[in-house]
Amino acid sequence: MTKFLGINRLGRLFQAIREAGGLKQAYLKLYRNDDLKTGTLIGIDKYGNKYFENPYYFYGRNRWVEFATHVNMDYDGSQIPAEWFGWMHYKTDLPPIRDGCRPKYKWIADHSENLSGTKEAYAPYSTTPQKIEAWDPKKK
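Keep in mind it's a predicted model, so treat the numbers as computed, not measured.

1. Thoughts on the side chain of Asn49
Within the secondary structure layout, Asn49 lies in the loop between strand 1 (40–44) and strand 2 (50–53). With relative accessibility at 4%, the residue Asn49 sits in the buried group. Here the side chain of Asn49 touches Gln79 through a polar contact of 3.2 Å, landing on its backbone oxygen.

In structure tokens, the structure reads:
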């Protein structure tokens with residue numbers, strides 16, 4: 001009867017609000033992530049991203065990341081390091097904190113996010129003259 005009336009879903013809502021840290025924190029989490037989920041904290045990477053899992057949700061939606069608060073609303077998928085990328089996309093069931101077989105060489109470069117579309121994006125230096133000039137309405 002409770003399942004028919006949806007009371008069990010109401011209980012999950014109150015559980016999500018409680019786990020988020022109250023109504024205000026739940027609202028902020030919903031605003032930032034567009035979703036209010038409950039789950040087990042699997043780990044935190046060195047950038048402050050938190051990785052969660054809950055088998056109650058559908059496969060493909062049961063693992064998620066909450067990006068660090070210092071990125072605010074400017075987060076994207078390229079901010080997930082390679083070691084966590086494999087776990088997020090089900091390439092492995094072992095998260096990096098539990099997998100001791102991963103190679104750790106000193107020549108491996110540190111992760112950097114994709115900077116396309118930002119001021120720090122790579123723009124190559126060109127020595128060829130421009131073929132097209134921008135139109136200047138004042139110049140005739």
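2. Here's the deal with the packing of aromatic side chains
In total, this model carries 9 aromatic pairs according to the counting rule given. Ring geometry for Tyr51 versus Trp87: centroids 6.5 Å apart, planes at 90 degrees, classification edge-to-face. Pair noted here: Tyr51 is in strand 2 and Trp87 is in helix 4 (residues 82–88), with a separation of 36 residues, a long-range link. Per residue, the accessibility class of Tyr51 equals that of Trp87, and both read buried. Where Tyr57 meets Trp64, the ring centres are 5.9 Å apart and the plane angle is 80 degrees; that geometry is what we call edge-to-face. Taken together, the ring pairs connect Phe52, Tyr56, Tyr57 and Trp64 into an aromatic cluster.

3. With respect to the side chain of Gln79
Inspection of the secondary structure assignment puts Gln79 in the loop between strand 3 (63–66) and helix 4. Taking relative accessible area as the criterion, Gln79 reaches 8% and is therefore assigned buried. When residues no more than four places from it in sequence are discounted, the contact partners of Gln79 are Asn49, Phe67, Val71, Asp74, His111 and Glu113.

4. Section: the domain arrangement of the protein
Splitting the protein by domain gives domain 1 (1–36) and domain 2 (39–112). The C-alpha centroid of domain 2 is placed 24 Å from the C-alpha centroid of domain 1. Roughly 760 Å² is buried in total at the junction of domain 1 and domain 2, and carbon and sulfur atoms are behind 33% of that figure. When the area that domain 1 buries against domain 2 is broken down by residue, the three leading residues are Arg12, Arg32 and Asn33, summing to 65%. Linking domain 1 with domain 2 are 2 salt bridges, by the criterion used here. The interface formed by domain 1 and domain 2 includes 5 residue pairs in polar contact (both at pLDDT 80 or more). If you list the elements that add at least two residues to the side of domain 1 that touches domain 2, you get helix 2 (7–20) and helix 3 (23–33). Of all the elements, helix 3 adds the most residues to the side of domain 1 that touches domain 2, at 4 residues.

Rules used throughout
- Residues numbered from 1 in each chain as written.
- Predicted model: local features only at pLDDT ≥ 70, side-chain atom pairs only at ≥ 80, totals over all residues.
- Heavy atoms only, no water.
- Helix = DSSP H or I, 4+ residues; strand = E, 2+ residues; numbered from the N terminus.
- Buried < 20%, exposed > 50% of the residue type's maximum accessible area, 1.4 Å probe, protein only.
- Polar contact = N/O pair within 3.5 Å; in protein donor to acceptor, adjacent residues only side chain to side chain.
- Phe/Tyr/Trp six-rings, centres within 6.5 Å; stacked < 30°, edge-to-face > 60°.
- Contact = heavy atoms within 4.5 Å.
- Domains from an automatic or database assignment.
- Buried area = accessible area lost by both parts, 1.4 Å probe.
- Salt bridge = Lys/Arg side-chain N within 4 Å of Asp/Glu carboxyl O.

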